[in-house]
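Secondary and tertiary structure notes
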Amino acid sequence: YLGAMLLGFLFLVKRLQPRVDSFFQKGKVYVENVLNNFSEELVHLRSLEEVIGRITHTITQILHVDKIAIFLYSDKLKRLVIVNKPGDFLKTVAHLDPEEPFLASITENDHILNRKFIEIDPRYSPVRSQAKEYFQKHDVAICVPLVLNENLIGLINLGDRKSRKPLSALDYQFLNRL
């Protein structure tokens, strides 16, 4: 009798465990699917405007932020130029000098920066006041640097989440992979 119960229990565990794991990993699986779709679609996009639109859509789909501002480096202007909505492509609403100390430190550290951690992150102590000013001026909650070969080629600035929840480790992984 005990052996039959044990076998029945093992059978249930083997059948239910994948479903339980799937339930608790649902968010991760969803993010993986969105990133895979993003990667597949990216190859078929024909213009920078389409890429910006796809990035904006993908971030909104996962993080539900109230604002996204993307800055890209302009060789012509030697500045980072804000790229608004796809219809307003390359509006030069703001210019940022990548040699400015705060932006240089973003390039050097090359990691996602959260406005809430500016005060305590020792890497930004020399430029803390500039960092706080940047986050306030541009209404940024999260700043994602786009660094290639140790050069800052762009920034993705995110506003607060609509839910006001902080980013999770999975959200940071998503932004890093994006």
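Residues numbered from 1 in each chain as written. Predicted model: local features only at pLDDT ≥ 70, side-chain atom pairs only at ≥ 80, totals over all residues. Heavy atoms only, no water.

**Observations concerning the overall build of the chain**
Put simply, the test is: Runs of H or I in DSSP of at least four residues are treated as helices and runs of E of at least two as strands, each being numbered from the N terminus. Remark: exposure states derive from per-residue accessible area (1.4 Å probe, protein chains only) relative to the maximum for the residue type, with buried under 20%, exposed over 50%, and partly exposed in between. Between two residues, a contact is recorded if the distance between any of their heavy atoms is within 4.5 Å. Computed with a 1.4 Å probe, the accessible areas rest on the Shrake-Rupley method; for each residue, only the protein chains presented here act as cover.
Scanning the chain for helices and strands turns up six helices and six strands. From first element to last, N terminus to C terminus, the chain shows the α and β order α-α-α-β-β-β-α-β-α-β-β-α. A total of 178 residues make up the chain; the buried ones form 34% of that total. Contacts spanning at least 24 positions in sequence make up 51% of the contacts within the chain whose residues lie at least 6 apart. When the accessible surface of the chain is summed, it comes to about 11600 Å², and 56% of that surface belongs to carbon and sulfur atoms.

**With respect to the confidence of the model for the chain**
For clarity, the cut-off: pLDDT measures the predictor's confidence residue by residue and takes values from 0 up to 100.
For the chain, per-residue confidence averages 79 on the pLDDT scale, and 80% of positions sit at 70 or higher. At the level of individual helices and strands, the chain shows its lowest average pLDDT in helix 1 (residues 2-24), which scores 65, and its highest in strand 5 (residues 142-148), which scores 93. Note that pLDDT drops below 50 for residues 86-93; the model gives that stretch 18 contacts with residues more than four away or on any other chain.

**Comments concerning the environment of Val144**
Mapped onto the secondary structure, Val144 falls in strand 5. By relative accessible area, Val144 is classed as buried at 5%. Along the chain, Val144 and Ile70 lie 74 residues apart, while their C-alpha atoms are 9.4 Å from each other. Among residues more than four places away in sequence, those in contact with Val144 are Ile112, Gly154, Leu155, Ile156 and Leu175.

**Side note on the pattern of salt bridges**
Let me state the cut-off plainly: Salt bridges, as used here, are contacts in which a Lys or Arg side-chain nitrogen is within 4 Å of a carboxyl oxygen on Asp or Glu.
Taken as a whole and judged by the stated rule, the model has seven salt bridges. Across the salt bridge formed by Arg115 and Asp160, the nearest N and O atoms sit 2.6 Å from each other. Of this pair, Arg115 sits in the loop between strand 4 (113-114) and helix 5 (128-137) while Asp160 is found in the loop between strand 6 (151-158) and helix 6 (169-177), placing the two residues 45 residues apart along the sequence. Look at Arg115 and you get partly exposed, because its relative accessible area is 29%. For Asp160, a relative accessible area of 26% gives the class partly exposed. With a shortest N-O distance of 2.9 Å, Asp171 and Arg161 are connected by a salt bridge. Residue Asp171 is located in helix 6, and its partner Arg161 is located in the loop between strand 6 and helix 6; the two are separated by ten residues in the primary sequence. As far as burial versus exposure is concerned, Asp171 and Arg161 are alike and both buried.

**A short note on helix 3 (residues 48-63)**
Within an α-helix, residues lying three or four positions from one another point in the same direction, as the helix has 3.6 residues per turn. Here is the rule: Working rule for helices: expected span equals 1.5 Å times residues minus one.
Here helix 3 is 16 residues long and its end C-alpha atoms lie 22 Å apart, about the 22 Å a rise of 1.5 Å per residue gives. Those residues of helix 3 not exposed but buried are Ile52, Gly53, Ile55, Thr58, Ile59, Ile62 and Leu63.

**Examining the layout of surface pockets**
Applied cut-off: Only protein atoms enter the calculation, which uses a 1 Å grid: trapped sets of points that fit a 1.4 Å probe without letting it out are cavities, open sets showing protein on both sides within 12 Å along at least five of seven lines are pockets, and any residue with an atom within 4 Å of a point is a lining residue. Grid points are joined across faces, edges and corners, and a volume is the space filled by probe spheres set on the points. Polarity classes work like this: nonpolar for Ala, Val, Leu, Ile, Met, Phe, Trp, Tyr, Cys and Pro, charged for Asp, Glu, Lys and Arg, and polar for all others, with Gly in that last group.
Put simply, the largest pocket is a space of about 300 Å³. Residue lining of the largest pocket: 18 residues in total, with Ile55, Val144, Leu146, Ile156 and Leu178 positioned closest to the centre. Where the lining of the largest pocket is concerned, the elements lending two or more residues are helix 2 (26-42), helix 3, strand 1 (68-74), strand 5 and helix 6. With four residues, the top contributor of residues to the lining of the largest pocket is helix 3. Grouping the constituent residues of the lining of the largest pocket by class yields 15 nonpolar, two polar and one charged. Of the voids in this model, the second largest pocket is the one considered here, and its volume is about 230 Å³. Forming the boundary of the second largest pocket are 17 residues, of which Asn114, Lys116, Lys165, Pro166 and Leu167 lie nearest the centre.

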